[in-house]
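For reference, the chains in residue letters:
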Amino acid sequence: MPSIQYRSLSGQSPQTDFRTAVLRGLAPDRSLYFPTEIPQLSTDFWRALPELSPVEIGLQLMAPLVAGSLEKSVLQQILSDTLSFEFPLVPVGEHCYSLELFHGPTMAFKDVGARFMAGCLEAFNRGKQKKTTVLVATSGDTGGAVARGFLGVEGVEVVILYPRDKVSDIQERQLTTLGQNIKALRVEGDFDACQHMVKEAFLDPELSHLTLTSANSINVARWMPQLLYYVLAYRTYLGLYSNSKVGSDRELPEPVFSVPSGNFGNICAGILAHKMGLPVAHFVAATNRNDTVPRYLATGNYAPHKTQPTISNAMDVSDPSNWVRINELFKGDLKAIREKVSAFQFTDAQTRQAMQEVARATGYICDPHGAVGYLGLQAALKAKGLALTAPAPGIFLETAHPIKFRPEVEKTLGITLEIPPQISAVMSGEKAFSGIDSYGQLREFLLTSS
Ligand SMILES: *Cc1c(COP(=O)(O)O)cnc(C)c1O
């Protein structure tokens, strides 16, 4: 079987292999890469999950997607680095679970994608003279995860742009205290200004001699490994279910996944897992007031508004890049999307109320993003016409540890959070960054530091 290739979604660029798609980030026609084929795993594989280790599962799922670009032994090494922490499913009330994705080094779910991508670039650069520069704009969590994932990776330099005064102190420390091959640029401006500068750099002919790539979820190496969360959650779920010895395999209800969504990379990876065979009853895309997708599913009219700041700020995105991939996974059929995916939006007031209710009823502490996921799950279970009546088990994704949104969580719940070791480790570091306020200064930086 010829190995899976990557095609550009606008179809204006030639197909390429995984390696080239990763090194480029975006296709030359500026659109996103997408696999030419979705690998299928057998029902036996899905049944046998509880007996397989996370790395074995990762190998089976990812090997066909990277075939021809990564040797199996290299992929195995990358996966064991990437999956080196827990992804527990914590009960929060009846038939409701929080899938905690924040036990990695930076305590946000982006650790897995960032670490996987770093492993790929490390493998692709081995023995090469030329350096690759990873250029990334961050509104907070991406930068920290990318910095940590790429720290010390040979042949790769990371340049992170973040908006001055718009990221939390913890987030800034995660970006600026690591040193080595990680450079932080503090931009006088907002996240959009950072993102704009990054885009300009990619199009700048004066920089065309540099190997620049991006590390946000437009990159297939950051986006696709996130499918493992859903599969590992399902494995845990099967384990819980067989321990409780209720019923047989046949009666096992398929879970509903509710995903707090911004750029829609995470939920898109979940849908990819489903298209590879993972049993899922329904997906819920939960957003804050940046509600382009909920409005689109309701009206069929895709009309982004201006981005609004919220307390779940990692999801302050009004034109999610990965929506085109979701559309592609359903072959552009809006009716098919609506049958499998619902979307709901929530205000900050609703989010705070949910954090308080969950804490009062169960003692569980949600961060604002997880709380939006929780709300999405409750809304879907109540929605008429979806027929997701209990006991359909609901799983909401907890995408960040509450400490990452410490002031908001402490104020809303009237508590003091303990500082986990991953965070106290960066609190003592010295912040190091360069300040820039124009694209010209970014270009200058890239030309002199390369
Ligand atoms: C990035 C992020 C999200 C949104 O994920 P997408 O893949 O962009 O939809 C949600 N929560 C947290 C904490 C994040 O860092």
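The structure reproduced in this document is the subject of the present report. (Residues numbered from 1 in each chain as written. Predicted model: local features only at pLDDT ≥ 70, side-chain atom pairs only at ≥ 80, totals over all residues. Heavy atoms only, no water.)

## What to know about the overall build of the protein chain
Now for step 1: Per the secondary structure count, the protein chain includes 19 helices and 13 strands.
Now for step 2: Whereas a compact globule of 450 residues would reach a radius of gyration of roughly 22 Å, the protein chain reaches 21 Å, a difference of no more than 12%.
Now for step 3: Each principal axis of the C-alpha atoms in the protein chain carries an extent, and together these give about 65 × 55 × 45 Å.
Now for step 4: Counting only residues that meet the buried cut, the protein chain has 56% of its 450 residues in that class.
Now for step 5: Sequence separation of 24 or more characterises 75% of the internal contacts of the protein chain that already satisfy a separation of 6 or more.
Now for step 6: Taking the 41 positively charged and 44 negatively charged side chains of the protein chain as two groups, their mean positions are separated by 2 Å. (Helix = DSSP H or I, 4+ residues; strand = E, 2+ residues; numbered from the N terminus. Rg over C-alpha atoms; globule rule 2.2 N^0.38 Å. Buried < 20%, exposed > 50% of the residue type's maximum accessible area, 1.4 Å probe, protein only. Contact = heavy atoms within 4.5 Å. Lys, Arg positive; Asp, Glu negative; His and termini not counted. Charge placed at Lys NZ, Arg CZ, Asp CG, Glu CD.)

## Some points on the packing of aromatic side chains
Now for step 1: If you walk through the whole model with that rule in mind, you get 15 aromatic pairs.
Now for step 2: Between Tyr296 and Trp323 the ring centres are 5.8 Å apart and the planes differ by 80°, which places this aromatic pair in the edge-to-face class. In this pair, Tyr296 sits in helix 12 (residues 292-299) while Trp323 sits in helix 13 (residues 323-329), placing the two residues 27 residues apart along the sequence. Across the pair, Trp323 and Tyr296 agree in class, each one buried.
Now for step 3: Each member of the aromatic cluster is reached from another via a ring pair, and the members are Phe85, Phe87, Phe109 and Tyr229.
Now for step 4: The residue whose ring lies beneath Arg325 is Trp223, and the NZ or CZ to ring-centre distance is 4.3 Å. (Phe/Tyr/Trp six-rings, centres within 6.5 Å; stacked < 30°, edge-to-face > 60°. Lys NZ or Arg CZ within 6 Å of the ring centre and 35° of its normal.)

## Quick look at the site of the ligand
Now for step 1: The local shell around the ligand holds 15 residues, among which Lys110, Gly262, Asn263, Phe264 and Thr399 are the closest.
Now for step 2: Within the side chain of Asp141, an N or O atom sits 3.0 Å from an oxygen atom of the ligand.
Now for step 3: Phe264 is positioned with one of its backbone polar atoms (N or O) 2.9 Å from an oxygen atom of the ligand.
Now for step 4: Taking 380 Å² as the accessible area of the ligand by itself, protein coverage stands at 97%.
Now for step 5: Class assignment for the residues of the shell around the ligand results in 6 nonpolar, 7 polar and 2 charged. (Near = heavy atom within 4 Å. Polar contact = N/O pair within 3.5 Å; in protein donor to acceptor, adjacent residues only side chain to side chain. Areas by Shrake-Rupley, 256 points an atom, 1.4 Å probe, with all protein chains shown as cover. Nonpolar A, V, L, I, M, F, W, Y, C, P; charged D, E, K, R; others polar.)

## Focus on the packing of helix 8 (residues 191-203) against helix 19 (residues 439-449)
Now for step 1: Where helix 8 meets helix 19, the axes come as close as 10 Å, and the angle between the chain directions of the two elements is 55°. Compared by their axis directions, helix 8 and helix 19 come out oblique. Both helix 8 and helix 19 take part in a crossing whose hand is right-handed. Of helix 19, the residues touching helix 8 (which contributes Met197, Val198, Glu200 and Ala201) are Tyr439, Leu442 and Leu446.
Now for step 2: Of the residues belonging to the contact of helix 8 with helix 19, the class tally is 6 nonpolar, no polar and 1 charged. (Axes fitted to C-alpha atoms, helices over the stretch in contact; angles between N-to-C directions. Parallel < 35°, antiparallel > 145°, perpendicular 65-115°, else oblique. Left-handed = near helix turned anticlockwise from the far one by under 90°.)

## Focus: the pairing of strand 6 (residues 156-163)
Now for step 1: The element strand 6 is extensively covered by neighbouring structure, given that 8 of its 8 residues are classed as buried.
Now for step 2: Here strand 6 shows no split at all, with Val156, Val158, Ile160 and Tyr162 on one side and Glu157, Val159, Leu161 and Pro163 on the other all buried.
Now for step 3: The sheet contact formed by strand 5 (residues 132-137) and strand 6 spans 6 bridges and is parallel. Residue pairing for strand 6: Thr133 is matched across the bridge by Glu157. (Pairing = 2+ DSSP bridges.)

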